[in-house]
Amino acid sequence: MKTTWKLFAFAGALALLASGCATTVEYGDATSSKPISTDFGSSDLQQIAATMVDSMLADEVLEEISAGGPPLLIVDKVKNKTTQHIDTESVTDSIRTKLIRSRKFSFQDRTTEAALNEELAYQQAAAKDPVAAGQQDAPHYMLTSNLSEIEQNQGRLKDVYYKFTMSLRDLKSGRLIWADEKEIRKQKTKSVFGG
Amino acid sequence: MVEGRSISVNLQKWRGAATGILLALGAAGCGTFSHYPEGMEATTLGPLRTGQKPDYEKTFGKRTEGSSGVLFAMEMGRVAQLEGDFEGSRAAYEKAIAKNREQDEKAKISASGAAAQGGAVLVNDKVIPYRAQSYERTLVHHYQALNYLAQNDVIGAGVEVRRANREQEAARKRHEKEIDRAKSDKPNEPAAGETNAPAAGTADDPRLAPVYAGLDQVAGAVKHSFQNAATFYVSAVIWEMLGEPNDAYIDCKKALEIYPENPYLQQDVVRLGKRLGMREDLEDFARRFPEAAGTPADGSGELEGKARLVVVYEEGLVPQKTEMSVAYPLFSSDSIGVVALPVYAAAPPPAAPAEVSAGGKRLGRTAPICNVAALAARALGEQMPGILTRQVARAVAKGAAAKAAKDAGGNGAELAMLLYNLISEQADLRSWLTLPAHIQVLSAWTEPGTKAAAISSPAGGTLWSGEVTLKAGKTTLIHVTRMDLAVFSHVMVQP
């Protein structure tokens, strides 16, 4: 009898230990805008990419340039001018994906250029009806973006200002035909008392 | 009489004394790093000097989590980089950066901070968590930028360069604020019968004259701990790799303010100024640096089609802190106590420029751009008033504890307490010790191609030789570190 109780107690203690130490992992909402630090986070990225692309798609200049069918666009990698290591390729991908889904543009992908060249070289050497280099369509428009940051510290207050600028350039004329910017400002106050 | 006295000390009291001795031993610490410079010498600096690979993972790995975690992470980052383990170095520096940030963002008055400070009052400054000095924090980003560069990530290097800049800018602002505060604190006229006494612990405090004499000898002409032109120069080189000549120009100008006699800085500022059309600045440079005035803008004149070779040459090791006992008044001038203060006693040998050649052609001689030893000495001087305040508070608290022990436990307990005080009274000798004593640079433009390059001492001995790839319009950076017999190097080619 006594041993059974001992066994129960042991099992109970084990169960408590197991539940107490488990780390919980949950899915979060990628677009949730609850800031947890002054860093440029994933929700900022989502927000910015969405707002900028929406702004461009809503602009009347788009009607003009896509009159003869979706124009060929090249999206340049976002330039990181901040003090944080941001995966700008991921931001660029978000922007491009959103544009592709709008069906207003057709695309060329410069990030996979090396793979393309390799494929063309292979086709030249071994394929029956090879696609030659120099036969690709030339893009008419280029989308460039910049992300910059200004940080200010005043006593216990930390103020970080991010600015995302995007512009669309007509490669034939060299003119800028559209540009917009979005700002995000984050503030953090250091507490007086804490752990 | 004497016999009687020795017999009267009973067992109870000896037990108190024994506890005191144990406590003291505990405070003195028995671990490898209880005396920081000795621990570093045994585990890391000794092997590095003789070209052996220190086991940095084992030495620093777990220690980066402790109260001196920042310091061990910086040491680990540096050693890993010297050994060519850029990924390990990057992770270690990242940890140091995160810890610095954690300390910055901590509440002004924190429970853990207060506990450490309280512990320090009863033991010594070594129990306070290590806070990296601003020159150390800047250099963390400086070396981290080189890690990114070594991994062909120029954009990542750019981020670190911005962080280094932010660190230097914050240090400069703090310094300006301190000057303003010192000015506003100073009474205009000393009251009648009162002399204008110098603030305790500052360079004007006559009781600390021997401490500051050592610091001044090491620091020489360097006036502030944040005057690091090497980081601004490396920043400028990286800005140019990123195609941002304007940013490069600004950082070159900042470096030039700190180190106007460096010929490569003079040439680069003229070259970039011409490229950017900075007419007024150029007139000023022509007056100040007539020898560099003829440097053409890059891509034009004699620089057309040329490749750039930059050498960052690091020499020696930053000096280690030693302890000095100084008599200092505790409550008033009639109660003198002895406080243990960290000092720099000896300056490292002066920078020795090295000759650089590529493809059999002499390119020039490296020129000093940063005296890291001097930065460390100035940083210690800037901290000295705070260190002294804590040491005096501790001497007072320990004196009071000894008196209380005597009242409660008699002579044996007092003896134990005094012994404890004596042994536990130690200066905090921690600082980043794998840093070089001097940083020198060279920048030259040469014909592109793959060439045999060499760096040799002016006396003739070759310090380093190897093959470098030079591309037209691009930069190749050779990072060479020399410590006594050992030479560490890495060549980075702009992608």
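Anything mentioned here points back to the structure above.
The structure reproduced in this document is the subject of the present report. (Residues numbered from 1 in each chain as written. Chains lettered and ligands numbered in written order. Predicted model: local features only at pLDDT ≥ 70, side-chain atom pairs only at ≥ 80, totals over all residues.)

## Notes on the overall build of chain B
Next up, step 1: Each helix and strand in chain B was counted, giving 15 helices and twelve strands.
Next up, step 2: For chain B, buried positions account for 44% of its 495 residues. (Helix = DSSP H or I, 4+ residues; strand = E, 2+ residues; numbered from the N terminus. Buried ≥ 20, exposed ≤ 12 C-beta atoms within 10 Å, placed from the backbone.)

## Structural notes on the overall build of chain A
Next up, step 1: A tally of helices and strands in chain A yields five helices and seven strands.
Next up, step 2: N-terminal to C-terminal, the α/β element order of chain A is α-α-α-β-β-α-β-α-β-β-β-β.
Next up, step 3: The proportion of buried residues among the 195 residues of chain A is 15%.
Next up, step 4: Counting contacts in chain A only where the partners sit at least 6 residues apart, residues at least 24 apart contribute 62% of the total. (Contact = placed C-beta atoms within 7 Å.)

## Describing the packing of helix α11 (residues 229–241) of chain B against helix α12 (residues 245–258) of chain B
All names here are of chain B.
Next up, step 1: The interhelical angle for the contact between α11 and α12, taken along N-to-C directions, is 165°, at an axis separation of 8 Å. Here α11 is positioned roughly antiparallel relative to α12, judged by the angle of their axes. At the point where α11 passes α12, the crossing takes the left-handed sense. Listed contacts from α12 to Ala229, Phe232, Tyr233, Ser235, Ala236, Trp239 and Glu240 of α11 are Pro245, Asp247, Ala248, Asp251, Cys252, Lys254, Ala255 and Ile258.
Next up, step 2: For the contact of α11 with α12, the residue count by class is ten nonpolar, one polar and four charged. (Axes fitted to C-alpha atoms, helices over the stretch in contact; angles between N-to-C directions. Parallel < 35°, antiparallel > 145°, perpendicular 65-115°, else oblique. Left-handed = near helix turned anticlockwise from the far one by under 90°. Nonpolar A, V, L, I, M, F, W, Y, C, P; charged D, E, K, R; others polar.)

## Focus: the nonpolar core
Next up, step 1: Formed by 113 residues in total, the largest nonpolar core has its most connected members in Tyr233, Ala255 and Val311 of chain B.
Next up, step 2: Looking at which element gives the most residues to this core, the answer is helix α15 (residues 372–424) of chain B, with eleven residues.
Next up, step 3: Apart from the residues lying within four places of it in its own chain, the contact partners of Ala255 of chain B are Ala229, Phe232, Tyr233, Ala236 and Leu265 of chain B.
Next up, step 4: Within the second largest apolar cluster, 22 residues are counted, among which are Leu45, Val75, Ile95 and Leu143 of chain A. (Core = buried A, V, L, I, M, F, W, Y, C linked by C-beta atoms within 7 Å.)

## Quick notes on helix α6 (residues 86–105) of chain B
Residues and elements named next belong to chain B.
Next up, step 1: Helix length check: α6, at 20 residues, gives a terminal C-alpha distance of 28 Å against a target of 28 Å (1.5 Å per residue), a fit within 8%.
Next up, step 2: Those residues of α6 not exposed but buried are Ser89, Arg90, Ala92, Tyr93, Ala96, Ile97, Lys99 and Asn100.
Next up, step 3: Buried residues along α6 sit against α5 (69–82) and α8 (134–150). (Expected span 1.5 Å × (residues − 1).)

## Quick notes on unusual backbone geometry
All names here are of chain B.
Next up, step 1: The phi dihedral of Asn152 falls on the positive side, at around 65°, and the residue is not glycine.
Next up, step 2: For Asn152, the position within the fold is in the loop between α8 and α9 (154–185).
Next up, step 3: Not every positive phi belongs to a glycine, and Asp484 is a case in point at roughly 50°.
Next up, step 4: Structurally, Asp484 can be placed in the loop between β11 (475–483) and β12 (486–493).
Next up, step 5: Judged by C-beta crowding, with 12 C-beta atoms within 10 Å, Asp484 ranks as exposed.

## Things to note about the environment of Pro353 of chain B
Residue and element names in this part refer to chain B.
Next up, step 1: Inspection of the secondary structure assignment puts Pro353 in the loop between β4 (336–343) and β5 (355–358).
Next up, step 2: According to the C-beta neighbour criterion, Pro353 is partly exposed, with 17 such atoms within 10 Å.
Next up, step 3: Separated by 84 residues in sequence, Pro353 and Val269 have C-alpha atoms that sit 21 Å apart.
Next up, step 4: When sequence neighbours within four positions are dropped, the list of residues in contact with Pro353 reads Arg365, Thr366, Ala367, Gln440 and Pro458.

## So, the sheet that holds β11 of chain B
In sheet architecture, strand pairing relies on hydrogen bonds along the backbone and comes in two forms, parallel and antiparallel.
All names here are of chain B.
Next up, step 1: Strand order across the open sheet formed by five strands is β7-β8-β2-β11-β12, with mixed pairing between neighbours. Edge positions in the open sheet fall to β7 (367–371) and β12, since each of these has one partner strand only. Averaged over all adjacent pairs, the angle separating strand axes in this sheet is 20°, with direction ignored.
Next up, step 2: Inspection of the sheet shows strand β2 (residues 307–315) paired to strand β8 (residues 438–446) by nine bridges, in the antiparallel sense. Bridging across to β8, Glu314 finds its partner in Ile439.
Next up, step 3: α11 rests against β2, β7, β8 and β11 of the sheet, and its axis sits at about 115° to β7.
Next up, step 4: Across the sheet, helix α13 (residues 263–276) lies against β7 and β8, angled at about 45° from β8, the strand it touches most. (Pairing = 2+ DSSP bridges.)

## Let's talk about helix α2 (residues 42–58) of chain A
All names here are of chain A.
Next up, step 1: Between its first and last C-alpha, α2 extends 24 Å over 17 residues, near the 24 Å set by a 1.5 Å rise per residue.
Next up, step 2: By the burial criterion, the buried members of α2 are Asp44, Leu45, Ile48, Ala49, Met52, Val53 and Met56. Buried positions in α2, seen along its axis, are confined to an arc of 140° and lie on one side of it.
Next up, step 3: Those residues of α2 hidden inside the fold are in contact with α3 (61–65), α4 (88–102), β5 (157–170) and β6 (176–189). (Arc of directions from axis to C-beta.)

## A closer look at the sheet that holds β5 of chain B
Residue and element names in this part refer to chain B.
Next up, step 1: Spatial strand order, β6-β5-β9-β10: four strands in an open sheet with antiparallel pairing. Every other strand in the sheet has two partners, leaving β6 (361–365) and β10 (462–470) as the edge strands with one partner each. The sheet shows a mean angle of 20° between the axes of neighbouring strands, taken without regard to direction.
Next up, step 2: Both strand β9 (residues 449–456) and β10 contribute to a ladder of eight bridges, which runs antiparallel. Its bridge partner being in β10, Ala452 is matched across the sheet by Glu467.

## Some thoughts on the pairing of β9 of chain B
Next up, step 1: Taken together, the four bridges between β5 of chain B and β9 of chain B define a ladder with antiparallel strand orientation. Within the sheet, the bridge partner assigned to Val356 of chain B lies in β9 of chain B and is Ile455 of chain B.

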